[in-house]
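# Architecture at a glance
Letter by letter, the chains look like this.
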Amino acid sequence: QVQLVESGGGLVQSGGSLRLSCAASGAEFERYNMAWYRQAPGKQRELVTSDTYYDRTTYSDSVRGRFTFSRDNAKQTGDLQMNNLKPEDTAIYFCYADPCARLGACGSAYWGQGTQVTVSS
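Here's what I pulled together on the structure shown here.

Reading guide: rules and limits
- Residues numbered from 1 in each chain as written.
- Predicted model: local features only at pLDDT ≥ 70, side-chain atom pairs only at ≥ 80, totals over all residues.
- Heavy atoms only, no water.
- Helix = DSSP H or I, 4+ residues; strand = E, 2+ residues; numbered from the N terminus.
- Buried < 20%, exposed > 50% of the residue type's maximum accessible area, 1.4 Å probe, protein only.
- Contact = heavy atoms within 4.5 Å.
- Areas by Shrake-Rupley, 256 points an atom, 1.4 Å probe, with all protein chains shown as cover.
- Lys, Arg positive; Asp, Glu negative; His and termini not counted.
- Charge placed at Lys NZ, Arg CZ, Asp CG, Glu CD.

### Side note on the overall build of the protein
Secondary structure assignment for the protein yields zero helices and eleven strands. What you see in the protein, going N to C, is helices and strands ordered as β-β-β-β-β-β-β-β-β-β-β. Its C-alpha atoms give the protein principal-axis dimensions of about 40 × 25 × 25 Å. Relative to its 121 residues, the protein shows a buried fraction of 40%. Excluding contacts between residues fewer than 6 apart, the proportion of contacts in the protein whose partners are at least 24 apart in sequence is 58%. Here the protein displays about 6600 Å² of accessible surface, and carbon together with sulfur accounts for 45% of that area. Of the side chains in the protein, 12 bear a positive and 12 a negative charge, and the two mean positions are spaced by 4 Å.

This is the structure:
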């Protein structure tokens, strides 16, 4: 079981960068899958990036090449570096973790409180 807290959101102009951090606490953190989701106004929650024990890091098509997920098990953090931000990236960003064999494939899911990212044009 883990607890997750996000930070680093804010307001940035199009083309700028932000770095989000997810700080985790709990036992056996390294055995948990981690992911970042986001939810934009009027849209459903979207998977942005994920890192699992068995699979490589994945990115959604909309952020691939611009965002980088960096997980540090020693520090129990999972940072999301976001470069070349676009207005379409405006959303609340949520850190996520679960102990499933595949991401989201069991009954346990842990969410952070979310952090707002706003990209102006």
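### Things to note about the environment of leucine 4
Mapped onto the fold, leucine 4 is located in strand 1 (residues 2-7). The exposure class of leucine 4 is buried, given its relative accessible area of 7%. Each C-alpha atom, one on leucine 4 and one on tyrosine 53, is 18 Å from the other, the two residues being 49 residues apart in sequence.

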